[in-house]
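These are the residues of each chain, in order.
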Amino acid sequence: MKYSVEQIMTAAYPVMPVLAVNRVEDAVPLAEALKAGGLTVLEVTLRTEAAMAVIEAMKTVEGVIVGAGTVTNETQLIELQRIGADFAISPGATPRLLEAGKAVDFPFLPAIASVSEMMQGLEMGYSSFKFFPAEASGGVAALKSFAGPFPNVSFCPTGGISIANFKDYLALDNVKCVGGSWVVPADALNQQDWSRIEQLAREACL
Ligand code: 3PG
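Residue positions are given per chain, counted from 1 along the sequence in the order it is written. Local features in a predicted model are, by the rule used here, given only for residues with pLDDT of at least 70; side-chain atom pairs are given and counted only at 80 or more, and totals for whole chains, interfaces and linings are based on all residues. To get the side-chain values, take all heavy atoms of the structure and skip hydrogens and water.

Trainee: Can you help me understand the site of the ligand in this one?
Mentor: Note on definitions. A residue lies near a molecule or strand when any single heavy atom of the residue is within 4 Å of it. Close to the ligand lie Val18, Arg47, Lys130, Phe132, Thr158, Gly159, Gly160, Gly180 and Ser181, which account for all nearby residues. In protein, a polar contact requires one atom able to donate a hydrogen and another able to accept it; more generally it is a pair of N or O atoms within 3.5 Å, and residues adjacent in sequence count only if both atoms are side-chain atoms. Note that an oxygen atom of the ligand is positioned 2.4 Å from one of the side-chain N or O atoms of Arg47. One of the side-chain N or O atoms of Lys130 is found 2.7 Å from an oxygen atom in the ligand. Here the residues of the shell around the ligand sort into two nonpolar, five polar and two charged. Polar here means any residue outside two lists: the nonpolar Ala, Val, Leu, Ile, Met, Phe, Trp, Tyr, Cys and Pro, and the charged Asp, Glu, Lys and Arg; Gly therefore counts as polar.

Trainee: Even after reading the chapter, I still don't get the sheet that holds strand E8 (residues 154–157), so can you show me in this structure?
Mentor: Strand pairing in a sheet relies on backbone hydrogen bonds. The paired strands run either parallel or antiparallel. With parallel pairing, the three strands of this open sheet are ordered in space as E6-E7-E8. Each of the sheet's edge strands pairs with one partner strand only, and the pair in question is strand E6 (111–112) and E8. By the convention used here, strands pair only if DSSP detects at least 2 bridges between them. The way it works is that DSSP assigns letters per residue, a run of H or I at least four long becomes a helix, a run of E at least two long becomes a strand, and they are numbered from the N terminus. Across two bridges, the pairing between E6 and strand E7 (residues 128–131) is parallel. From the neighbouring strand, Ile112 faces E7, where its bridge partner is Phe131.

Trainee: Any chance you could explain the environment of Ala136 here in plain terms?
Mentor: Within the secondary structure, Ala136 is located in the loop between E7 and helix H7 (139–147). Think of it in three bands: with a 1.4 Å probe and only protein chains considered, a residue is buried below 20% of the maximum accessible area for its type, exposed above 50%, and partly exposed in between. Since its relative accessible area comes to 68%, Ala136 is described here as exposed. Linking Ala136 and Trp194, residues 58 residues apart in sequence, is a C-alpha distance of 31 Å.

Trainee: Hey, could you run me through the pairing of strand E2 (residues 41–45) in this one?
Mentor: The buried count for E2 comes to five of five residues, which makes it a mostly enclosed element. Taken together, the two bridges between strand E1 (residues 15–19) and E2 define a ladder with parallel strand orientation. Of the residues in E2, the one forming a bridge with Val18 is Glu43. A crossover gets the label right-handed when its path from the first strand over the helix to the second runs clockwise, viewed with the strands pointing away from the viewer. Assessed by its sense of winding, the connection that carries the chain from E2 through helix H3 (residues 51–58) to strand E3 (residues 65–69) is right-handed.

Trainee: Can you walk me through the environment of Met52 in this structure?
Mentor: Relative to the helices and strands, Met52 is located in helix H3. Accessibility expressed as a relative area gives 19% for Met52, which makes it buried. In this structure, the C-alpha to C-alpha distance between Met52 and Glu117, residues 65 residues apart in sequence, is 28 Å.

Trainee: Explain the pattern of salt bridges here, please?
Mentor: Where side chains of opposite charge bring their charged atoms close, a pairing between them can arise. Any Lys or Arg side-chain nitrogen located within 4 Å of an Asp or Glu carboxyl oxygen qualifies as a salt bridge. Applying the stated criterion across every chain, the model contains five salt bridges. Arg196 is paired through a salt bridge with Asp187; the nearest N and O atoms lie 3.3 Å apart. The class of Arg196 is partly exposed, set by a relative accessible area of 33%. Of the charged contacts, one joins Glu198 and Arg202 as a salt bridge, the two residues approaching to 2.2 Å between their closest N and O atoms. In this pair, Glu198 and Arg202 both sit in helix H10 (residues 194–204), four residues apart, roughly one turn of the helix. Residue classification places Arg202 among the partly exposed positions, given a relative accessible area of 35%.

Trainee: Would you explain the side chain of Glu43 in this entry?
Mentor: Structurally, Glu43 is set in strand E2. For this analysis, residues touch if any pair of their heavy atoms sits within 4.5 Å. Ignoring any residue separated from it by four or fewer positions in sequence, one finds Glu43 in contact with Met16, Pro17, Val18, Leu19, Gly67, Ala68, Gly69, Thr70, Phe87, Ile89 and Lys130.

Trainee: It is not clear to me how the packing of helix H4 (residues 74–83) against helix H5 (residues 95–103) should be interpreted in this structure. Could you clarify?
Mentor: Helix packing geometry: the angle between the two helix axes and the distance between the axes. Whenever a helix is involved, its axis is fitted only over the stretch in contact; in every case the axis is a line through C-alpha atoms, and angles between N-to-C directions fall within 0 to 180 degrees. Two numbers describe how H4 lies on H5: the axes approach to 9 Å, and their chain directions differ by 15°. Comparing their axes, H5 and H4 come out roughly parallel. In this structure, H4 crosses over H5, and the sense of that crossing is right-handed. Across from Glu74, Leu77 and Gln81 in H4, the residues of H5 making contact are Leu97, Ala100, Gly101 and Ala103. Grouping the constituent residues of the contact of H4 with H5 by class yields four nonpolar, two polar and one charged. For classification purposes, an angle smaller than 35 degrees is called roughly parallel, one larger than 145 roughly antiparallel, one from 65 to 115 roughly perpendicular, and anything else oblique. When the near helix sits turned anticlockwise from the far one by under a right angle, the crossing is termed left-handed; a clockwise turn instead gives a right-handed crossing.

As structure tokens, this is what we get:
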């Protein structure tokens, strides 16, 4: 099944775990733990050698939507289309990447950190963006300011978001979901502590 970017952003509980997974064998139990905790839209960053294989493995878990993060070039987008990723997210945007994101058959969510970057994306036909790095780029106050001149633009802020502040973001009309790595700490993943990860996911859903 193919999703639209709006469906990805509102498909489930609006917290998207941002994952960096080194071992392919962790993919399925990790996706199962997050799903059991209530989080079913997963961003697997292309920051590890295993990332593409992890996405393929997670896609065998029923009921989860699995996309890639840290996408920076067209070659990665083409490979993600080949393996059937559900979506892709970038940490920034270049004209070439914005163009390439239009040509793939799944939603691409480019990131912006400023109004001018957003306007370049709007010119290319995008109206949903990751806002990255959210906390360092003005956080909730910046998103509130964006809503005045650009009321129809939607955001998924990530970067510096945690259990302590994610609800402040979700309270904004122009924020459809938030992303963050806090749900899956590296030590919990290294120790394959699936019950702790499930519990952290559950806490993000409270
Ligand atoms: C991302 O790639 O979206 C961010 O690195 C996630 O940021 P965080 O680690 O501060 O949650």
